[in-house]
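Topology and contacts: notes
Listed below are the residues making up each chain.
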Amino acid sequence: MKGAQEKPRNIALAGNPNVGKSTLFNALTGMRQHTGNWPGKTVEKVTGEVVFRGHRVELTDLPGTYSLGGGSEDERIAAEYIASGEADCIIAVCDGCCLERTLILALQILQRTSRMVLCVNLMDEAKRRGICVDAEKLEQVLGIPVVLTSAGKRKGLEKLMERAIGLKPAEELSIGDPILLAEELAGSCVHVKKGDENWRLLLDKMLVSRRQGIPILLLLLLLIVWLTVWGANFPSRLLERLFGWGYLHFKRLTEPWPWWLSGVLVDGIYLTTGRVISVMLPPMAIFFPLFTVLEDVGYLPRMAMLLDRPMCRCGGCGKQALTLCMGLGCNAVGVTGCRIIDSPRERLLAILTNAMVPCNGRFPTLILLGSAFFPNAGGALIVAGCVMLGVLGAMGTSGLLSKTVLRHESSTFLMELPPFRRPRFGQIILRSLLDRTLKVAGRALMVAAPAGAILWGLANTPLLRLLTGFLDPLGQILGMNGVILLAFCLSWPANELLMPVIFMAQLGSGNLQATHNAAALLAFGWTWQTAVCTMVFTLFHWPCSTTLLTIFQETKSAAKTAAACFLPTAVGMMLCAILHMLFKNFGA
């Protein structure tokens with residue numbers, strides 16, 4: 001076969017953020033993708049394989065950048081790759097809705113190599129807004145192939161690949177100033193029909209204004225948390241009953257086995273993983289799609305713009321607000337997302353404080369305790385309050401660090417507000433459920449199974465009682481007890497294990513066959529004050545093992561990783577001790 005023998009062609013995609021470059025990459029490669037890091041860098045490198053009409057193509061998705069001359073790591077990687085000549089062709093992706101701005105990077109690439117195809121993407125959206133792009137005139141002026149595409153609808157992709165594979169060296173073009181040429185080309189090649197765009201401007205002004213934007217932000221947060229809490233109740237109970245039914249059958253099946261083997265497999269591994277799935281999977285399956293909808297329609301950059309001023313007062317920037325939002329799904333993802341922050345000082349601030357925002361693994365604990373002990377206030381309201389407390393804790397700690405050990409001038413904040421887009425529900429479900437929910441659930445189960453075996457062993461030996469007794473004095477000072485502190489320590493591999501570990505340790509039998517509600521916790525001596533202190537410490541304690549490993553990979557510093565572990569723990573211990581003192585002195 002022709003494509004099986006020849007050397008694969010190297011084609012790279014380059015472009016600004018929010019021009020549909022990743023959508024184009026996914027449409028071309030499908031599931032044939034590989035993820036790694038650029039040599040000697042922490043920035044992710046995504047490559048994919050395409051076979052087009054017998055030709056093998058290796059496609060590389062370059063980091064999204066606004067220019068090739070900036071100081072960020074993404075810009076340096078893109079510039080070095082283009083200058084290396086490794087690619088047989090560079091596909092410069094532009095946005096048909098705002099061609100003038102996105103064309104600047106394409107012209108900078110054309111200054112460095114003539115082996116380029118210009119891809120004007122998002123033409124379906126441009127058409128809806130009355131924008132027409134004259135591809136023939138662009139091609140005539142620039143002397144390179146120009147292809148109009150709509151990657152989301154898979155239109156123009158065949159022509160794009162055909163022009164990229166059959167690319168012939170073009171004559172060098174004297175570009176001069178890319179900004180002036182982009183303005184000139186947009187003026188002569190883009191035609192706009194007059195339409196009513198006032199609603200978009202009004203909506204933008206509302207979302208980024210403090211008077212209207214902050215209430216909208218709080219209402220959206222409350223709505224997402226309420227839908228997550230309310231929607232997760234029934235499937236969680238259903239899964240709990242399903243695993244309870246399975247427990248009885250497995251218990252009968254393993255009766256002839258040695259008691260210790262049956263205990264480790266059924267009471268330890270099976271029940272621990274069952275509890276993790278039933279408590280954690282339903283909230284994730286609801287929260288991630290809702291969060292992805294906000295991401296898809298373009299709300300998150302507006303939220304970052306809205307929070308830029310308060311974040312600047314705390315020594316951070318608006319981009320830190322985006323990384324905090326990422327941390328709501330997974331703190332490890334939030335830490336990785338801190339790469340978008342250009343200032344090393346502000347990036348370190350964001351990394352050190354990201355774990356103060358509750359990740360998806362901590363939501364089940366907050367939801368359970370909030371709805372069990374404060375049913376009148378509503379679990380959603382309590383959990384939303386916890387999220388806001390986490391954000392305030394991150395901002396307060398950032399402010400303290402920026403005025404002490406990380407004192408420096410604030411950097412400028414530049415962020416593009418992408419146009420509002422219709423949510424692509426098929427891709428949202430695929431991305432949120434498969435790529436996020438199942439990925440996080442799989443990580444939790446990988447540690448839940450061995451942790452279940454260890455916990456069963458501890459619960460059936462005097463060691464568990466010794467450890468809880470040792471930690472009890474400190475736990476009492478913090479308004480909790482030794483069992484709860486030990487559970488926090490043992491759930492270090494995954495925060496999802498906290499409540500299952502507490503129930504197993506309280507029962508003292510290595511068996512998780514108990515109801516997770518206020519009645520069961522009251523039987524263990526819990527009060528609403530205990531629940532409040534546990535929820536506060538759930539917000540502010542050391543990050544999970546995956547997050548700490550990610551912090552070390554991003555900072556390459558054991559001291560900074562230790563600081564990221566110490567800071568939230570110190571805040572949590574201080575708050576819990578103050579709360580316990582107040583409860584005790586005022587008789588609450």
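Residues numbered from 1 in each chain as written. Predicted model: local features only at pLDDT ≥ 70, side-chain atom pairs only at ≥ 80, totals over all residues. Heavy atoms only, no water.

**Re the overall build of the protein chain**
What the protein chain contains, in helices and strands, is 26 helices and 9 strands. Going through the 588 residues of the protein chain one by one, you find that 53% of them count as buried. Across the protein chain, the fraction of contacts at a sequence separation of at least 24, relative to all contacts at a separation of at least 6, is 75%. Here the protein chain has roughly 27200 Å² of accessible surface; of this, 63% comes from carbon and sulfur atoms. (Helix = DSSP H or I, 4+ residues; strand = E, 2+ residues; numbered from the N terminus. Buried < 20%, exposed > 50% of the residue type's maximum accessible area, 1.4 Å probe, protein only. Contact = heavy atoms within 4.5 Å. Areas by Shrake-Rupley, 256 points an atom, 1.4 Å probe, with all protein chains shown as cover.)

**Some words on the side chain of Thr561**
Here Thr561 shows up in helix 26 (residues 558-585). A polar atom in the side chain of Thr561 sits 2.8 Å from the backbone oxygen of Ser557. Look past the residues within four positions of Thr561 in its chain and what remains in contact with it is Leu548, Ile551, Phe552 and Thr555. (Polar contact = N/O pair within 3.5 Å; in protein donor to acceptor, adjacent residues only side chain to side chain.)

**Quick notes on a nonpolar patch on the surface**
A cluster of nonpolar side chains, Met574, Ile578, Met581, Leu582 and Phe586, forms an exposed patch at the surface whose accessible area comes to about 540 Å². Take Met581: it is sitting in helix 26. (Patch = residues over 30% accessible without salt bridge, like charges linked within 9 Å, V, L, I, M, F, W, Y side chains within 5 Å. Salt bridge = Lys/Arg side-chain N within 4 Å of Asp/Glu carboxyl O.)

**Considering the pattern of salt bridges**
Counted according to the given criterion, the structure contains 7 salt bridges. Between Glu139 and Arg163 there is a salt bridge, with the nearest N and O atoms lying 2.9 Å from each other. Here Arg163 lies in helix 7 (residues 157-165) and Glu139 lies in helix 6 (residues 135-142), a separation of 24 residues in the sequence. Accessibility expressed as a relative area gives 26% for Glu139, which makes it partly exposed. For Arg163, a relative accessible area of 23% puts it in the partly exposed group. Ionic contacts of the salt-bridge type, sharing partners, join the residues Arg53, Glu158 and Glu162 into one network.

**Section: the pairing of strand 5 (residues 89-95)**
Of all 7 residues in strand 5, 7 are buried; the element is thus mostly enclosed. With burial as the criterion, each face of strand 5 is covered, one bearing Cys89, Ile91, Val93 and Asp95 and the other bearing Ile90, Ala92 and Cys94. One ladder, built from 5 bridges, connects strand 1 (residues 9-15) with strand 5; its direction is parallel. Pairing of Leu13 across the sheet is with Ile91, part of strand 5. Remark: the strand 5/helix 4 (residues 99-112)/strand 6 (residues 116-121) crossover connection has right-handed handedness. (Pairing = 2+ DSSP bridges. Right-handed = clockwise from strand over helix to strand, strands pointing away.)

**Description of the environment of Met535**
When you line up the elements, Met535 lands in helix 24 (residues 528-539). The sequence separation of Met535 and Cys576 amounts to 41 residues, and the corresponding C-alpha distance is 9.5 Å. The residues touching Met535, leaving out its near neighbours within four places in the chain, are Leu366, Leu369, Gly370, Phe374, Ile382 and Cys386.

**Considering empty space enclosed by the protein**
Enumeration according to the criterion identifies 3 cavities of 30 Å³ or more in this entry. Tyr81, Ile82, Gly85, Glu86, Ala87, Ile90, Thr113 and Arg115 are the residues that line the largest cavity. Its residues placed into classes, the lining of the largest cavity shows 4 nonpolar, 2 polar and 2 charged. (1 Å grid on protein atoms, 1.4 Å probe; cavity = no way out; pocket = protein on both sides within 12 Å on 5 of 7 lines; lining within 4 Å. Points joined across faces, edges and corners; volume = space filled by probe spheres on them. Nonpolar A, V, L, I, M, F, W, Y, C, P; charged D, E, K, R; others polar.)

**Observations concerning the packing of helix 20 (residues 462-477) against helix 21 (residues 482-490)**
Contact geometry for helix 20 and helix 21: axes closest at 7 Å, N-to-C directions at 105°. One finds that helix 20 runs roughly perpendicular with respect to helix 21. For the pair helix 20 and helix 21, contact is made by Leu464, Leu467, Thr468, Leu471, Asp472, Leu474 and Gly475 and by Gly482, Val483, Leu485 and Leu486, respectively. Its residues assigned to classes, the contact of helix 20 with helix 21 comprises 7 nonpolar, 3 polar and 1 charged. (Axes fitted to C-alpha atoms, helices over the stretch in contact; angles between N-to-C directions. Parallel < 35°, antiparallel > 145°, perpendicular 65-115°, else oblique.)

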